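Close look at the chain arrangement
Next come the chains, spelled out residue by residue.
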Amino acid sequence: MQVPRNAVLLRIFIGEDDRFSHHLLHEAIVLKAREQHLAGATVLRGPMGFGHSSRLHTAKILRLSEDLPVIIEIVDSEERINEFLPVLDAMMGSGLVTMEKVQVLQYGAKERS
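A short tour of the structure in this document, coming up. (Residues numbered from 1 in each chain as written. Predicted model: local features only at pLDDT ≥ 70, side-chain atom pairs only at ≥ 80, totals over all residues. Heavy atoms only, no water.)

1. Here we look at helix α1 (residues 25–35)
- Within α1, the full set of buried residues consists of Leu25, His26, Ala28, Ile29 and Ala33. Along the axis of α1, the buried residues cluster in a sector spanning 160°; they form a single face. Exposed residues on α1 whose side chains face more than 90 degrees from its buried face are Leu31, Arg34 and Glu35.
- Tucked inside the fold, the buried residues of α1 contact β1 (6–15), β2 (19–20), β3 (23–24), β4 (41–45), β7 (69–76) and α2 (78–91).
- Where α1 terminates, the next one or two residues include His37, which has phi positive at roughly 60°. (Buried < 20%, exposed > 50% of the residue type's maximum accessible area, 1.4 Å probe, protein only. Helix = DSSP H or I, 4+ residues; strand = E, 2+ residues; numbered from the N terminus. Arc of directions from axis to C-beta. Contact = heavy atoms within 4.5 Å.)

This is how it looks when you write it as structure tokens:
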């Protein structure tokens, strides 16, 4: 699969305990993105953050927190990302979703001569 040089980065902000159909939401989103043959997805776990409720989520030892912030990043063509948005919308109860245009400089292994 070739990702176009001019692509879109879809960034999804949720909590690590968010669920979809008895599965962790971040896992369900990544599996659905893979099922739809998107170029790739990465899940990042944040040590601290807050959202619309202003409730602080932190991984500090003295303040054990479940539900730390999670960011899922998916890069593909604008067309493919737009096709994925209705699927994502059906999976998410709350969270923040952003999109931005990006330039892809490298994808996959380079051929060696």
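2. A few points about the pattern of salt bridges
- A full pass over the atoms with the stated rule returns six salt bridges.
- Here Arg11 makes a salt bridge to Glu100, at a shortest N to O gap of 3.1 Å. You can see Arg11 sitting in strand β1 and its partner Glu100 sitting in strand β8 (residues 96–103), a full 89 residues away along the chain.
- Its relative accessible area of 36% is what places Glu100 among the partly exposed residues.
- Across the pair Lys101 and Glu78 runs a salt bridge whose closest N-O atoms are separated by 3.3 Å. Of this pair, Lys101 sits in strand β8 while Glu78 is found in helix α2, placing the two residues 23 residues apart along the sequence.
- A residue is classified by how much of its surface remains accessible, and Lys101, at 65% relative accessible area, is exposed.
- Taking relative accessible area as the criterion, Glu78 reaches 38% and is therefore assigned partly exposed.
- The network of salt bridges with common partners includes Arg11, Glu73 and Glu100. (Salt bridge = Lys/Arg side-chain N within 4 Å of Asp/Glu carboxyl O.)

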